[in-house]
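These are the residues of each chain, in order.
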Amino acid sequence: MSDHRLAERDRPWMMRTYAGHSTARKSNELYRGNLAKGQTGLSVAFDLPTQTGYDAGHELARGEVGKVGVPIAHRGDMAALMDGIPLGEMNTSMTINATAAWLLGLYIVAAEEQGVEARALQGTTQNDIIKEFLARGTYAFPPGPSMRLIADTVAYTVTEVPKWNPINICSYHLQEAGATPVQEIAYALSNAIAVLDATRQRVDPELMGQVFARLSFFVNAGVRFVEEHAKLRAMGELWEQIGRERYGVADPKHLRFRYGVQVNSLGLTESQPENNVQRIVLEALGVTLGRNARARAIQLPAWNEALGLPRPWDQQWSLRIQQVLAYETDLLEYPDIFEGSKVMDGLVAELVEGARAEMAVVEEHGGAVEAVPYMKAALVDSHRERRNRIEAGEQVVVGINRYAESEPSPLSTGEDGGILVVDPGVEAEQVEALERWRAQRDADAVERALDELRRVAADDAKNILPATIEAARAGATTGEWAHALREAFGEYRAPTGVGEAAAGVPSCEQDALRDEVERVSEALGRRVKLLVGKPGLDGHSNGAEQIAVRARDLGMDVVYEGIRLTPSQIVTSALQEGVHVVGLSILSGSHLELIPDVVAGLRDAGVDAPVVVGGIIPQADVEPLREAGVAAVYTPKDFDLGRIMGDIVALVAQRNGAAAGA
């Protein structure tokens, strides 16, 4: 056999579909259907209350139950979710962070009920809190205790669940928040160093090689797939260096850079959504073309994720993309096709140099935990630069700022609008089911288990996993587990990065808008004031941050308190701050429940400020929002922040009798 072909075709990567919605039983049906279609691993999406540690029925859970994932409140839900799926054979990835230790505990208990020992379990808990502070927002506890939870999970699994990956250092959401390839590499590896340093204090030094080997990564791959592939080779090179030099890891198997991937969702468009299919295929090439840096597991988004939740058919399409790549093309028949490439070697060297320099800056700030405010502000700046390039036409997005003329898409003209809509009755059903669970369990056993959990949480020398697993066995709920730890660890609000973001580069358009803001402010007798609010549990704050930064750069006073606010908190803030306009951002599908609550609350409080809304909002929901009193609705197709800012200033002027020429 010649050296330019493999003696034997490589095995395909693990194929996953990120899925879950409504209830555990409905999600179980979806999983079993996907496995029957050829999916080779599970990837569980949890709803926002589960991710942030709230039970259905909590004020912050309103409108969020079962929307972006499956609600899991206790071991009964986990057993239903995994019913008929042999956990001793399945490789399960759980996208869960703040409550990762708890969901792993529930998974271990569900396996016990199937007669499967923890030592046999294979899979991953994402369990990456630092990126939640930076990019995704589903944190629950302050940084210090959060790092302890991560380290405890790593230390426990390395001996008790040795086939499990206790953390996926997740650079995926960093890119979604605007990270450049250099930033994605640097912040992810700095994050990994923080995790390893914290874990080193909680394990036998002889286990550090095994600890290093069990850390995996979950990365993003954008449409610039040549550069994206170089990024992964650069990460592998730096990861091996970190292992050898900082942690003394010598075994080549332990030093291997292991990663799974979901390709980029940031670049998926609501306009001409059929273009997303080719984007997804090209992005998948970035993590499959080069054998030496090929992904171990892949999950692809669906073509319609900029519109709403994908249906089973849409997810099947994404799975079939993977299967065509793996089985119909010749990708798996050759050695590494980039080996010796002048272009690839040059790109890798460039990224390694840039990442090392940025990692040094993070280290100067005290490491990844202490550097969260710095990294957050840097991501806000990078995302703003990306938006500015698109608005200026310097970065082409087909169907958005070039070739926007289009025929109507038949993919999204069906009765369902081309997306899955979760039954709004699911939330009430979950609340009732939770009440039944609490009524039938041994309440005394639960309280004893939670008391032990609080005791262990208060003792930093103790590992929290055994008490967590006991609470799961006793029948405690997600909200009860998280509440016990909130009592021990306290609450926390992450930095927004808005105040620290650098001033924007002036332009003629922005100068004209700034002049209009000055004119309207003078007519009002004080500065135009905008409140940007994120009601509910949606932590995708990138858009809200960009609105806040742009409004600030145009000379408005901006009130932005970050994520996870109740409607009443937003109303109180609007009243106390005397704002002229309220901007609400929701991407989780809870807009029809939460936005009318905010509008009604503002009316009741006597706040006469127009409300504008942005987010992933289906066209069918626009009119109901307008009927509820919303003045304007913006969706992902509305990429031009300058136009949105102009609309907002005009609304304020009109509402206050300060319109031009008035």
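Some words on the sheet that holds strand S3 (residues 42-45)
Read from one edge of the open sheet, five strands run S2-S3-S4-S5-S6, paired in parallel fashion. Two strands close off the open sheet at either side, each with one partner strand: strand S2 (18-19) and strand S6 (164-165). Two strands pair when backbone bridges link them, and S2 and S3 are joined in this way by two bridges, in the parallel orientation. Note that in S3 the partner of Ala19 across the bridge is Val44. In this fold helix H1 (residues 24-36) packs onto S2 and S3, with an angle of close to 155° to the strand it touches most, S3. Those strands touched by helix H4 (residues 100-113) are strand S4 (91-95), strand S5 (122-125) and S6, and its axis lies near 150° from that of S4.

Details of unusual backbone geometry
With a phi angle near 55°, Asn127 is a residue other than glycine that sits in the positive phi range. Structurally, the position occupied by Asn127 is in the loop between S5 and helix H5 (130-136).

Looking at the side chain of Glu270
Tracing the chain through its elements places Glu270 in the loop between strand S9 (259-262) and helix H12 (275-286). The buried charged residue Glu270 lacks any salt bridge, with Lys637 as its nearest oppositely charged partner at 4.4 Å. A polar contact is formed between the side chain of Glu270 and the side chain of Thr635, at a distance of 2.6 Å. At a separation of 2.9 Å, a polar atom in the side chain of Glu270 contacts the main-chain amide nitrogen of Lys637.

So, H12
If you check H12, its first and last C-alpha atoms are 18 Å apart, about what twelve residues at 1.5 Å a residue would give, namely 16 Å. Within H12, nine of the twelve residues are buried, leaving the element largely enclosed by the surrounding structure. Every buried residue of H12 is accounted for by Asn275, Asn276, Val277, Arg279, Ile280, Glu283, Ala284, Leu285 and Gly286. Packing partners of the buried residues in H12 comprise helix H10 (225-247) and helix H13 (312-327).

Points about the side chain of Arg311
Note that Arg311 resides in the loop between strand S10 (297-299) and H13. Given the relative accessible area of 17%, Arg311 is considered buried.

Some words on the packing of helix H8 (residues 181-200) against H10
Packing of H8 against H10 leaves a shortest axis separation of 10 Å and a crossing angle of 30°. Considering the angle they form, H8 stands roughly parallel to H10. For the pair H8 and H10, the sense of crossing is right-handed. Residues Pro181, Glu184, Ile185, Ala188, Leu189, Ala192, Ile193, Leu196, Asp197 and Arg200 of H8 form the contact with H10, whose participating residues are Glu227, Glu228, Lys231, Ala234, Met235, Leu238, Trp239, Ile242, Arg246 and Tyr247.

Regarding the environment of Glu29
Here Glu29 shows up in helix H1. Spatially, the C-alpha atoms of Glu29 and Arg643 are 44 Å apart, while their sequence positions differ by 614 residues.

Remarks on the pairing of strand S11 (residues 529-533)
Within S11, five of the five residues are buried, which leaves the element mostly enclosed by the surrounding structure. One ladder, built from four bridges, connects S11 with strand S12 (residues 557-560); its direction is parallel. In the strand pairing of S12, Val532 is matched with Tyr560. Each parallel crossover has a hand, and the one from S11 via helix H21 (residues 542-553) to S12 is right-handed. Where S11 meets strand S13 (residues 581-586), four bridges bridge the pair, whose relative direction is parallel. Across the sheet, the residue bridging to Leu530 is Val581, located in S13.

What to know about the sheet that holds S11
The sheet built from five strands is open, its strands ordered S12-S11-S13-S14-S15 with parallel pairing. At either end of the open sheet lies a strand with only one pairing partner, and these are S12 and strand S15 (632-634). Neighbour-to-neighbour, the strand axes of the sheet open up by a mean angle of 20°, direction not taken into account. Helix H25 (residues 641-655) contacts S13, strand S14 (611-615) and S15 of the sheet and is inclined by roughly 170° relative to S15.

Side note on the domain arrangement of the protein chain
As far as domains go, the protein chain holds domain 1 (14-303 + 310-412) and domain 2 (508-655). Placing the centre of domain 1 and that of domain 2 at their C-alpha centroids yields a distance of 31 Å. With 33 residues of domain 1 at the contact, the number on the domain 2 side is 33 residues. Each partner contributes to the roughly 2,700 Å² buried at the junction of domain 1 and domain 2, and carbon and sulfur atoms together form 50% of this total. Taken together, the connections running from domain 1 to domain 2 amount to five salt bridges. Here Glu391 ties to Arg550 by a salt bridge, and the two come within 3.1 Å at their closest N and O atoms. Taken together, the elements giving at least two residues each to the side of domain 1 that touches domain 2 come down to helix H2 (48-52), H5, helix H7 (172-176) and helix H15 (372-392).

A short note on the environment of Arg244
Examined against the element boundaries, Arg244 turns out to sit in helix H10. Overall, Arg244 belongs to the partly exposed group, its relative accessible area being 41%. Excluding residues within four positions of it along the chain, Arg244 makes contact with Val249, Ala250 and Leu255.

Section: the pattern of salt bridges
A full pass over the atoms with the stated rule returns 42 salt bridges. A salt bridge links Asp10 to Arg291; the shortest N-O distance between them is 2.5 Å. Taken together, the residues Asp10 in the segment before strand S1 (14-16) and Arg291 in the loop between H12 and S10 connect sequence positions 281 residues apart.

Structural notes on the nonpolar core
In this structure, Met78 and Phe217 are the most contacted members of the largest nonpolar core, which totals 176 residues. For this core, the two domains that each supply at least three residues are domain 1 (14-303 + 310-412) and domain 2 (508-655). If we ignore the near neighbours within four places in the chain, the residues touching Met78 are Ile72, Met94, Leu103, Leu106, Tyr107 and Ala110. Counting 24 residues, the second largest nonpolar core, distinct from the first, contains Leu565, Val579, Ile595 and Leu602.

Concerning the packing of helix H6 (residues 143-160) against helix H19 (residues 478-489)
As a packed pair, H6 and H19 sit with axes 10 Å apart at the nearest point and diverge in direction by 130°. The orientation of H6 relative to H19 falls into the category oblique. Considering how the two elements wind past one another, H6 and H19 form a crossing that is right-handed. Of the residues in H19, those in contact with Pro145, Arg148 and Leu149 of H6 are Trp481, Leu485 and Phe489. Among the residues forming the contact of H6 with H19, the class breakdown is five nonpolar, no polar and one charged.

Some words on the pairing of S9
Covered by surrounding structure in S9 are Tyr259 and Val261 together with Gly260 and Gln262, the residues of both alternating faces. Looking at chain direction, S9 and S10 are connected through three bridges and run parallel. Paired with Gln262 across the strands is Gln299, a residue of S10. As a crossover connection, the stretch from S9 through H12 into S10 is right-handed.

Cut-offs used in this document
- Residues numbered from 1 in each chain as written.
- Predicted model: local features only at pLDDT ≥ 70, side-chain atom pairs only at ≥ 80, totals over all residues.
- Heavy atoms only, no water.
- Pairing = 2+ DSSP bridges.
- Helix = DSSP H or I, 4+ residues; strand = E, 2+ residues; numbered from the N terminus.
- Contact = heavy atoms within 4.5 Å.
- Axes fitted to C-alpha atoms, helices over the stretch in contact; angles between N-to-C directions.
- Buried < 20%, exposed > 50% of the residue type's maximum accessible area, 1.4 Å probe, protein only.
- Lys, Arg positive; Asp, Glu negative; His and termini not counted.
- Salt bridge = Lys/Arg side-chain N within 4 Å of Asp/Glu carboxyl O.
- Polar contact = N/O pair within 3.5 Å; in protein donor to acceptor, adjacent residues only side chain to side chain.
- Expected span 1.5 Å × (residues − 1).
- Parallel < 35°, antiparallel > 145°, perpendicular 65-115°, else oblique.
- Left-handed = near helix turned anticlockwise from the far one by under 90°.
- Right-handed = clockwise from strand over helix to strand, strands pointing away.
- Domains from an automatic or database assignment.
- Buried area = accessible area lost by both parts, 1.4 Å probe.
- Core = buried A, V, L, I, M, F, W, Y, C linked by side-chain atoms within 4.5 Å.
- Nonpolar A, V, L, I, M, F, W, Y, C, P; charged D, E, K, R; others polar.

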